[in-house]
Amino acid sequence: MTKYVGQSYKRKEDYRLLTGKSQFVADIKLTDMVEAVVIRSTYAHALIKNIDKTAAEQHPGVHAVIIASDIEGKVKSLPSLSEFSLPKSLIDSIKPVIKPCPEDLLAKKHVVYVGQPVAIVVAEDRYIAEDAAALVKIDYEAMQPVTDPYKGMAEDATVIHPYLGNNVQAHFDLSIGNTKEAFAKADHVLETKIKTPRVTANPMETRGVVATYNTRLERLEVWTSTQVNYMVRTNLSRLLSIDENKIRVIAPDMGGGFGAKCAVYPEEILIPYLSIVLERPVRWIEDRLEHMLSTRHARDQIHKVKVAYKDDGTITGIQDEFVVDNGAYNPLLLTVSYNTAAHMRGLYKIDHFDIKGYCVLTNKAPNIAYRGAGRPEAVYVMDRIIDMVAEQLEVDPIDIMLKNMIKHEEMPYDQGMFYRDGFKLIYDSGDYPASFKKALELADYETFRSKQKELKSQGKYVGIGISSFVEGTGIGPYEGAIVRLDETGKFIVSVGSTPHGQSHETTFSQICADELMVSPDDITVRAGDTDVVPFGVGTFASRSAVTAGNAVHIASAKLREKIIKIASVLLEENTEQLLLENGKIFNPLTQDVFVTFNDIISASRPGPNCKLPEGMDPNLETSHYFSPETVTYSSGFHIAIVEVDKETGFVTIEKYIVVDDCGRMLNPMIVAGQVQGGVAQGIGAALYEEIVYNDYGQLMTGTFMDYLIPTSIEIPDVIMEDVTSLSPRNPMGIKGVGEAGTISPPAAIANAIRDALHPLKIEITELPLSPNRIFHLIKEAEHSQ
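Parameters and conventions
Residues numbered from 1 in each chain as written. Predicted model: local features only at pLDDT ≥ 70, side-chain atom pairs only at ≥ 80, totals over all residues. Heavy atoms only, no water. Core = buried A, V, L, I, M, F, W, Y, C linked by side-chain atoms within 4.5 Å. Buried < 20%, exposed > 50% of the residue type's maximum accessible area, 1.4 Å probe, protein only. Helix = DSSP H or I, 4+ residues; strand = E, 2+ residues; numbered from the N terminus. Contact = heavy atoms within 4.5 Å. Pairing = 2+ DSSP bridges. Right-handed = clockwise from strand over helix to strand, strands pointing away. Axes fitted to C-alpha atoms, helices over the stretch in contact; angles between N-to-C directions. Phe/Tyr/Trp six-rings, centres within 6.5 Å; stacked < 30°, edge-to-face > 60°. Lys NZ or Arg CZ within 6 Å of the ring centre and 35° of its normal. Polar contact = N/O pair within 3.5 Å; in protein donor to acceptor, adjacent residues only side chain to side chain. Salt bridge = Lys/Arg side-chain N within 4 Å of Asp/Glu carboxyl O.

Engineer: What should I look at first to understand the nonpolar core in this one?
Structural biologist: As a rule of thumb, soluble globular proteins bury nonpolar side chains together. Core analysis: the largest hydrophobic core is formed by 145 residues, its most contacted members being Tyr338, Leu687 and Ile753. With 10 residues, helix H12 (residues 375-393) is the single largest residue contributor to this core. Setting aside its immediate chain neighbours within four residues, Tyr338 contacts Leu90, Ile94, Phe172, Leu174, Met417, Phe418, Tyr419 and Arg420. Counting 45 residues, the second-largest nonpolar core is a separate cluster that includes Leu516, Leu578, Phe597 and Leu620.

This is how it looks when you write it as structure tokens:
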């Protein structure tokens, strides 16, 4: 029986967040705390000839100035292979080449991107630290930077890390079916080059670390704005040679992460190290300029793709060779690039598929996962292909989509390859045609098409664009939960996942409440703290509801069973005859005889009054670690209706529709918020956002004056509906939804713009579609007529 799961229960987090009672890393103030400032490279590629820190060390109020030589032999480098390494089955299938490329915490003999940490100054306050940092003199010898990944792949290119031999840090080759035959038999072949821009996540809260070392307990406590606090703990243990049980890592309230905080950064090791050395609490807070320079970027893929198709619109084969500009380091290895390969075909039946991916190093900030992590890139390529094929055949894109779409009766559908977790990529559930039909109805598609020609004749260049996606969600290896009945008769749920806007406190209390038949207000959820659950992974990849949610569900059921067993002793009844409801356990036939949670607590205390079933331990706590067999597959459709001003190239989004299938929804209001926020970021990628470097590797878009992000004025209210197909791969039937909103907007909006400008032959292959870019596309098309 579900009373709370599936309901739009009011968010428990909102009160403190909206009234200033939350606590972010920058809010943490400890006695005798000192402040750190990071000195970063101003060169994209250079040798470090000398560092003179004498004047800075002598500056009043300065406690330490450290460079790489100061930590040599004391702190190890970040690992060359991350926790996101590939499973053996996948390695055997795609036979990737991956060259280890460890990242120094502080640059040693040379720097490889603007913003790379070179030194750290610690002082009494931030102002003194900034003044002292200006006194550190670094003598650089500039080297030729690599800023173009294709030029970086050339034989005569400057090699950023000479020990790698070249700048291709990793690559793989995946082949399914027989594309050679598919192309030979095709009626048509389309060839194009499609590029997605380099972007950055830009959460409201930048990164930050506070660390303190308890000399009596020899225990290190670290507060950091991270999505992966257990990963931070593991790396602190390994790199500082400290037992894990002497390290506590806390991720307090967070102002977003979006994947940018899904990695271990040098500051998360160095600030704790300095707190140990100085025996003082140390705090470092990143400013926005630092964030734009050195917090990991994302996207930046270039695809050279060929498509084989028939006269009737059937796509028979795809060949794709793509490059990811990974920047100076690639901490997530093939995570993003293989995600792109795995999601490229989406909800379409395309039996012949060849894809080659190259991770190329350049002199830019490292590139990792940002909300969607390879999926928006894949969807943009696939949906532009669909639109291009439709244009070539002079048919409506929906005809091409339906012609190639996987049918409901074909589920579960095997895509003939492995997913990133090493299991076969088999879609578990979904009715794609039904979802598509609902999306078209919400858009009133036929009516729009009937009116479009008339509107264009009036000078209103309106268009409609569609995008679809399938997303692997809920990846393992596990997530855990501990559920406890405390002395006051309330419940505490502890989880290993790390929330930063996902509403764990609300949704997990809803799950627990349904199992224990109490109100969510009687449940406290604790998360983001390595002390509350022994093992945890983190919050990313649309995984928390699937992994941690099911862990809470099962642990809560175990505790309910335990409570009923204790009640059976007190009531002298069989457990099968008892019900738990509203804090009482009773036999429905004799409801006036019952025991309460307080009775259960009293009976569970050790001692002469203990009345537990034989062999039961005297605690009211249960735990469970949920390890999914493989991922679940969410899906959805996005439809954008836009108007383009031909005189300026400006795009107005008139209407935006989303139909999403994320399995059982825990809280529809929270799902809607996730989708709305994701769409906003997708619109940013489609129309506004781009990280730009010049040929010298200098960042040209380092402030919000140059790096444009959409405001509430540019973001429409999304029209949303859901289609529910439960996943058979977890007890609750959940699929993930956290990234869904971000995946399809670039493709839907690009297709809508192309449709609005038809019959002009506009070839949209790059993002963002800024007014300037659209204006030039229009002029080029008009000139070629």
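Engineer: Please clarify how the pairing of strand S16 (residues 352-360) should be interpreted in this entry.
Structural biologist: The two faces of the sheet receive side chains in turn, since in a regular strand these alternate between them. Among the nine residues in S16, seven count as buried, and that is most of the element. Note that strand S8 (residues 168-176) and S16 share eight bridges and pair antiparallel. Note that in S16 the partner of His171 across the bridge is Tyr358. Note on the crossover from strand S15 (residues 315-325) through helix H11 (residues 335-343) to S16: the handedness is right-handed.

Engineer: Looking at this model, I keep getting lost on the pairing of strand S6 (residues 117-123). Mind explaining?
Structural biologist: Of all seven residues in S6, seven are buried; the element is thus mostly enclosed. As defined by bridge partners, strand S1 (residues 34-40) adjoins S6 across six bridges and the pair is classed as antiparallel. Following the sheet pairing, Ala36 is matched in S6 by Val122. Here five bridges tie strand S3 (residues 62-67) to S6, and the two strands are oriented antiparallel to one another. Within S6, the residue paired with Ala64 across the bridge is Val122.

Engineer: Is there a simple way to think about the sheet that holds strand S24 (residues 584-586) in this case?
Structural biologist: One open sheet holds the three strands; their spatial order is S23-S24-S25, and the pairing between them is antiparallel. This sheet does not close on itself; its edge strands, each paired only once, are strand S23 (579-581) and strand S25 (594-596). In this sheet, adjacent strand axes meet at a mean angle of 25° when their direction is disregarded. Note that S24 and S25 share three bridges and pair antiparallel. Residue pairing in the sheet places Phe586 in a bridge with Phe594 of S25.

Engineer: It is not clear to me how the packing of aromatic side chains should be interpreted in this structure. Could you clarify?
Structural biologist: Here the structure, examined in full by the defined rule, presents 11 aromatic pairs. Their ring planes at 70° and their centres at 6.0 Å tell us that Tyr478 and Tyr625 sit as a pair that is edge-to-face. On the criterion of sequence distance, the pair formed by Tyr478 in the loop between strand S19 (461-473) and strand S20 (479-485) and Tyr625 in strand S26 (residues 621-626) is long-range, its members being 147 residues apart. The partly exposed category is assigned to Tyr625, whose relative accessible area is 29%. A connected cluster of aromatic rings, assembled from ring pairs, spans Tyr419, Tyr427, Tyr432 and Tyr633. Directly above the aromatic system of Tyr265 lies the positively charged group of Arg207, at a separation of 3.8 Å from the ring centroid. Here the guanidinium or amino end of Lys584 rests over the ring plane of Phe594, the centre of that ring lying 4.4 Å away.

Engineer: Could you clarify how one ought to interpret the side chain of Asn751 in this entry?
Structural biologist: Along the chain, Asn751 turns up in helix H21 (residues 745-757). In terms of polar contacts, Asn751 uses its side chain to reach the backbone carbonyl oxygen of Ile466, at 3.1 Å.

Engineer: Got a minute to help me understand the side chain of Thr362 in this structure?
Structural biologist: Within the secondary structure layout, Thr362 lies in the loop between S16 and H12. Here Asp325 takes part through its side chain, which lies 2.5 Å from a polar atom of the side chain of Thr362.

Engineer: What am I meant to see in the pattern of salt bridges here?
Structural biologist: Should their charged atoms come close, side chains of opposite charge can pair. Inspection of every chain in the model, using the stated rule, returns 50 salt bridges. Residue Arg126 pairs with Asp287 through a salt bridge whose shortest N-O separation is 3.7 Å. Residue Arg126 is found in helix H5 (residues 126-133), and its partner Asp287 is found in the loop between strand S13 (282-285) and helix H10 (288-294); the two are separated by 161 residues along the sequence. On the basis of relative accessible area, Arg126 is assigned to the partly exposed category, the value being 23%. For Glu391, the salt bridge goes to Arg754, with nearest N and O atoms at 3.9 Å. In this pair, Glu391 is assigned in helix H12 and Arg754 in helix H21, connecting sequence segments 363 residues apart. Judged on exposure class, the residue Glu391 and its partner Arg754 are both buried. One continuous salt-bridge network, built from bridges that share partners, spans Arg40, Arg207, Glu267, Glu286 and Glu290.

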